[in-house]
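Take a look at the letters that make up each chain.
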Amino acid sequence: MTPKTLTLQDLLRTDFAPGGGTQEYFVNMGPQHPATHGVLRLLLKLDGETLRQVIPVLGYIHRGIEKICEHQTYRQIVHLSDRLDYLSALANNWCVTRVVERAAGIETNERIETIRTLMAELERLQSHTLWWGVFGMDLGAFTPFLHGFRDREELTQIFEDTIGARLTMNYIQPGGLLHDLHKDFAPRVRAWLKDFGTKVDEYDRMLSGNLIAQKRLVDIGALSGDEALGLGATGPVLRASGVPWDLRRVRPYGVYDQLDFVVPVGEKGDCWDRYWVRIEEMRQSLALCETLIENIPEGKTMLVKPAAKIRLPEGTFYEELETPRGIFGVHLHSRGKDMPWRFHFRSPNLHNLWCITKIAPGARVADIVAMLAGLDLIVPDMDR
Amino acid sequence: MSWIRLQPQKPGPRRIGGIELQTVSAPRPDSDSLWKVALGGLKGMLGGMKLTLGYVTHPSKVVTQQYPENRETLKLPERARGRLYFVKEENGFHRCTACRICERACPNESIIIHAHKGEVTKKPEIDHYVWRLDTCTFCYACVQTCPFDAIRFDGRFESAVYDRRLLVYNLNDYAGPHDTLARKIEDEEQRASCRTPVRPYEGPVPASGEKLHGIEPLGPPRGEDE
Ligand code: SF4
Ligand code: SF4
C-alpha cells in the first residue's frame, strides 16, 4: 500500500470535525513568531481557543546545505554542519568527522577523543542552559532568560578562548582538532563547573519549583513512547516519553564507554517530563564534565596535515551520535573523489517537530508555545 | 494535581534493545490535600523571589558587560576570528608566497589571489590579496592551511557597514615579493623599489571606504548634529 500523501491544499480542505457546531478558522503562527525560535511557520486550525490541527510549513530558511556539500571537500563540509543546529555545532562537527574518519580509516588518539567528548558535553550544557532560559521566557517568565544567558556566556567565552568562535565553532575536524586546548581552559572549566552546580539548583528554585510553571507543563502535550518512536523523535523528547534510548549509552562513541551516568527518562511524555529530563541531563553532563576535565591524556591533537586532501573509498557510509536535541546522523555516498557524491543529514529537529502535529490537537492556543519550547526546536536544522 | 517535589524517582536499570542501562524517572505530581498544594506553591514562589532578591542585594554577582562603553578595555581572545590580516616582518615585508593553498582551502572562494611573476625574483609575487569578508564564513581553513603563517585572524569584530562592497578587503599593502624572497635581492636599491604600494581597497570588485569611483566616503552620520 502506498501511503497517501496530503498536500497543504488537501489538508486545508479536510473537514476534521464533520457536523461540528462552531466554525473553524486558520491562524498563522510564524514565520516571524518569537516562540518558534526562527522562521518556522505553523498553520493552526482553531475552534475557538482549541487547537484542531497544526500544520508545520517549512522552507523559509532552506539553504541547500546538502547540495552545497556535494561541492565541498570533506574538510570544508565540517564548517557547514555548524550551520544546521547551531547550538550543537560541535556535536555536528564530530558526526561529520566520524563518518569521514571511519571511511578514510583515520585513527585518532585518546587525547583527541577525550577532548571531543568533553567539548560535546560542555556544549550540551551550553545548549541546555540556553534552552532553559528561552523556555522560561516562552512561558512568560523573563528572568530565567537572563540567567540562562548569563551562565551560557561564561561557557561561550571558554569556547572562544580555545576555539576562537562563539557559535559556529568548526573545531572538531577529520584527523583531530583545530587547536589544542588553551592554557586557561582547564582552570576556567573547573571554575565554571563548580559554579554551575549551584546554578542548576537555582534553576530548580526559580522555575521548576514554581507552581504556576508546573501547572502549565504537567499533562500538556502528552506523547506516548510508541508515538514518539513512530514519529522518529529522538533525544530528550523520546526519553521523556519513557524510551531510554541514548546513543551515548546504547552505542557508545568517543570515550563514553568509560564513563558512568544514568539516563533520565519521563513517564507520560508531557511537557513537564521533557522539561525535567533536560534539567536532569544537565546534572548528569555536569558530572561527566567533572570527570573528563581531570582525565585528559597527553598527546597530539592533529594527526593529519591540514592541507592534505582526504579521499574516501567508494561506498556509502553512515554515522550518528547524540546531540543535545537528539540523534544527528550523516549519510554520505562517495565515488572515490575528494568530494562526496551525495550527502545527507539526519537532523533531530525535523523529526521532533512532527511531534507537534500529534500532541497539539485538543490543546489550547497558549499551550502550543509551551509545547514548542518543550520540544526545543532549532529551525535551521530542520530546513537545512 | 499538586506541587511536584523535585526528586528523581525510581532509579534502576531498564532494558532497551537488549542493553541494560541505568535510568531515573521524572517526578510526578501526587494527590495532596489542598493545603499542601497551597503551601508548596507558596514555597516555590517565595524560593524564586528570594533568589531574585539575593541578586538585588549582591550586585557584585551581576555580570553585565558595558559594551560599547568598555571598548578600550575589551579584548577578544587571541584566537578570535575577527578580521584577517597579513603578518608583517619588521622590515615591512609580508610572508605570502602566493602559493594559493589558502585560496583552494576556502570553501566560499572568499580569497582571490592576483599574482604576477616578479621581474627580478622570477617567482610569483602578490599583486592583490583580496579577502571578501562578505562571503567569508570564518571557518579558519585559510589560516590553518597556510604553510608560511602569512595570514592570521585578529579580534577586530566591529565590521558592520552599510554597503557590502565595503567588505571586500585588500590585505597586502604592497605588491611585490615576500620577505624571504626579498632578502635574496642583493641590491639594496632594487629591493626597495620592488614594492609598489597598494591601498587597502583595490580588489577587482570596486570596494572602498575611501575614494573610489562611484562610492561616497563614509563620513560622520548625517542628520544628527544639524
Ligand atoms: S596566504 Fe599563505 S597559503 Fe595563502 S597564498 Fe599566501 S602563503 Fe600561500
Ligand atoms: S575563514 Fe574560511 S571562508 Fe573565510 S576566507 Fe578563510 S577559508 Fe575562506
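Structure report, in brief. For clarity, every value in this text was computed on a predicted model and none was experimentally measured. (Residues numbered from 1 in each chain as written. Chains lettered and ligands numbered in written order. Predicted model: local features only at pLDDT ≥ 70, side-chain atom pairs only at ≥ 80, totals over all residues. Heavy atoms only, no water.)

## Notes on the pattern of salt bridges
All names here are of chain A.
Right, on to step 1. For the coordinates displayed, the defined rule picks out 40 salt bridges over all chains.
Right, on to step 2. Among the salt bridges present, the one from Arg150 reaches Glu202, with a minimum N-O distance of 3.6 Å. Taken together, the positions of Arg150 in helix α6 (residues 143–163) and Glu202 in helix α7 (residues 185–208) put the pair 52 residues apart, joining distant regions of the chain. Per residue, the accessibility class of Arg150 equals that of Glu202, and both read buried.
Right, on to step 3. With its nearest N and O atoms 3.0 Å apart, the salt bridge here joins Arg239 to Glu322. Here Arg239 is found in helix α10 (residues 236–240), whereas its partner Glu322 is found in strand β7 (residues 315–323), with 83 residues between them in sequence. By the burial criterion, Arg239 is buried, and Glu322 matches it. (Salt bridge = Lys/Arg side-chain N within 4 Å of Asp/Glu carboxyl O. Helix = DSSP H or I, 4+ residues; strand = E, 2+ residues; numbered from the N terminus. Buried < 20%, exposed > 50% of the residue type's maximum accessible area, 1.4 Å probe, protein only.)

## What to know about empty space enclosed by the protein
All names here are of chain B.
Right, on to step 1. Inspection of every chain in the model, using the stated rule, returns three cavities of 30 Å³ or more.
Right, on to step 2. Within this model, the largest cavity holds a volume of roughly 80 Å³.
Right, on to step 3. What lines the largest cavity is a set of 14 residues, among which Cys96, Cys99, Cys102, Cys146 and Ala150 lie closest to the centre.
Right, on to step 4. Considering only residue class, the lining of the largest cavity consists of twelve nonpolar, one polar and one charged.
Right, on to step 5. By volume, the second largest cavity amounts to about 70 Å³.
Right, on to step 6. If you trace the second largest cavity, you find 14 residues lining it, with Cys106, Pro107, Cys136, Cys139 and Cys142 closest to the centre.
Right, on to step 7. Grouping the constituent residues of the lining of the second largest cavity by class yields eleven nonpolar, three polar and no charged. (1 Å grid on protein atoms, 1.4 Å probe; cavity = no way out; pocket = protein on both sides within 12 Å on 5 of 7 lines; lining within 4 Å. Points joined across faces, edges and corners; volume = space filled by probe spheres on them. Nonpolar A, V, L, I, M, F, W, Y, C, P; charged D, E, K, R; others polar.)

## Considerations on the site of ligand 1
All names here are of chain B.
Right, on to step 1. Close to ligand 1 lie 14 residues; Cys96, Cys99, Arg100, Cys102 and Cys146 are nearest.
Right, on to step 2. More than half of the atoms belonging to ligand 1 lie within 2 Å of the grid points that define the largest cavity.
Right, on to step 3. Partitioning the shell around ligand 1 into residue classes produces twelve nonpolar, one polar and one charged. (Near = heavy atom within 4 Å. Sits in = over half its atoms within 2 Å of the grid points.)

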